[in-house]
Structure formats: C-alpha cells, structure tokens
Amino acid sequence: EIHSRNKKEQINAVKRKLKATKARLTTLQKIKGSFVKGTPMFNKTSREQQKGAFFVVTYKHSTRLFYCAYDFEHQYLDVEIKHLKSRLGQLNFKKDRYEKQLIQLTNKVTGVCFGSKKLARGRLTQKSYHAHPERWQKDWVAARYGKMTISGRKMPNQVTLSFIITQRRILLPLRRSTNASFVSLTLFFLMAKIMSIVPFRHK
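Just so it is clear, the model here is predicted, and its values are computed rather than measured.

Draft legend 1. Structural view of the overall build of the protein chain. Each helix and strand counted, the protein chain has five helices and seven strands in total. Across the 203 residues in the protein chain, those meeting the buried criterion constitute 24%. By sequence separation, contacts in the protein chain at least 24 residues apart represent 36% of the contacts at least 6 residues apart. A total of about 15,300 Å² of accessible surface is found on the protein chain, and carbon and sulfur atoms cover 57% of it.

Written out as structure tokens, the structure is:
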C-alpha cells in the first residue's frame, strides 16, 4: 500500500509537469504562428517580448537579445518548440511506465526468492543442472541460507518502505489475493547487525 501511494504521487507529479509543458508549448506555437503570418504577437505574461525593434527573452538571472525577427524565430522559437515536444514524449513515456508499475503493484503478488532468481531459473535453463539435478539442489541449499539485507534505519520503532521494525521483530508485508497482512519475524542481533531472520508467527 505504501508503494502504491508513492507511485500514485509520482504519476500526479508527472501529470502536473505534462500540463505545464503543454501550456508552454501552446504559447510558443502561437507566437510562432504570428511570426509566420508576419505580425509578431506575444502573450503579456510570457518571458518573450518585443522591445522596439528587438526581441527579448527574460530569465531570472539573464536576458537574451535578438536583433531581428528571423534570428528570434529560428534560433530561439524553433529550438524551444523542438525541445518541448521531446520533453512531452519523455514525460508521457514516464507516465505510462509508472502506470504499468502501479498495475503490477496492485495485481501482482510479490515474493522473495532465496538463493537468487538466477539460480532458481538456472534449474530450467542450464544444461549442467538438467543432467545433474542433485548439483542444482546442492548449489541451491548452499546459496539459500545466506543473509537478507533490509534497507532503512537499524534503530527500533522505525519504518522503511517495505518493513516495519519493532523491538527484536520485523513485520514483513504479505499480500494474499486482495487482503494485505503482516508476517512477524524474529530478529537476532549481534554487534548492532541483523545476523539472521527466522519465521515467528502470522498475524
């Protein structure tokens, strides 16, 4: 649920950037259209303005000056419009990617594969394991009982994105169909490090 909320916030942030970029692109395209017609017109609130015979683009800490309409149109307007169109494509791609990730977080049942995915898939993809299944079993057992790394603070009563750590226990989110529950695991500490994690009970 925490991941889903974060992903929704990322999608909303991208949508806001899309809206602002589209508005900026529309403004520049209108200015470009007025130059094509031969009657340059500017939005009163835009940073692009005409000052006498010159064309000025005002930034926060600097100002660009163009001495003729041709330079302003082709050296500034065309470049900015091309950049904004490219930016729109990138933002749309990012929004689609975040939306697909949100669907996966909502529908896909996540899991942990002890011993690495590579080793788990190797049982079906590597010829050496096909010929000698016992070799895969030996490698899997050796790799499985290693250690788990949990990102976040090691202090008690702190929360990470994936785990809730309490006194010598860790609550691991477990998704079962549409209902989310927690699995409580016991922590064994040695010199302020988590040395091993074993199942404790289900809640």
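Draft legend 2. Structural context of the packing of aromatic side chains. Within this structure, the stated rule accounts for ten aromatic pairs. The interplanar angle of 45° and the centroid separation of 6.1 Å between the aromatic rings of F42 and F55 together place this pair among those described as tilted. One end of the pair, F42, is in the loop between α1 (2-37) and β1 (48-51); the other, F55, is in strand β2 (residues 54-58), with 13 residues separating them in the sequence. Here the two residues F42 and F55 agree in accessibility, since each one is buried. Ring geometry for F54 and Y67: centres 5.5 Å apart, planes at 85°, overall edge-to-face.

Draft legend 3. A look at a nonpolar patch on the surface. The grouping of F54, L65 and Y67 at the surface amounts to a nonpolar patch, some 320 Å² of accessible area in total. With respect to the helices and strands, the residue Y67 is situated in the loop between β3 (63-66) and α2 (69-107).

Draft legend 4. Main features of the sheet that holds β1. Strands sit in the order β1-β2-β3 across an open sheet of three strands; the sheet is antiparallel. A strand with exactly one partner marks an edge of an open sheet, and here the two such strands are β1 and β3. If you compare each strand with its neighbour and ignore which way they point, the axes differ by 25° on average. Relative to β2, β1 runs antiparallel, the two sharing four bridges. The residue of β2 that forms the bridge with K51 is F54. Strands in contact with α2 are β1, β2 and β3; relative to β3, the strand with the most contacts, it is inclined by about 130°.

Calculation notes
- Residues numbered from 1 in each chain as written.
- Predicted model: local features only at pLDDT ≥ 70, side-chain atom pairs only at ≥ 80, totals over all residues.
- Heavy atoms only, no water.
- Helix = DSSP H or I, 4+ residues; strand = E, 2+ residues; numbered from the N terminus.
- Buried < 20%, exposed > 50% of the residue type's maximum accessible area, 1.4 Å probe, protein only.
- Contact = heavy atoms within 4.5 Å.
- Areas by Shrake-Rupley, 256 points an atom, 1.4 Å probe, with all protein chains shown as cover.
- Phe/Tyr/Trp six-rings, centres within 6.5 Å; stacked < 30°, edge-to-face > 60°.
- Patch = residues over 30% accessible without salt bridge, like charges linked within 9 Å, V, L, I, M, F, W, Y side chains within 5 Å.
- Salt bridge = Lys/Arg side-chain N within 4 Å of Asp/Glu carboxyl O.
- Pairing = 2+ DSSP bridges.
- Axes fitted to C-alpha atoms, helices over the stretch in contact; angles between N-to-C directions.

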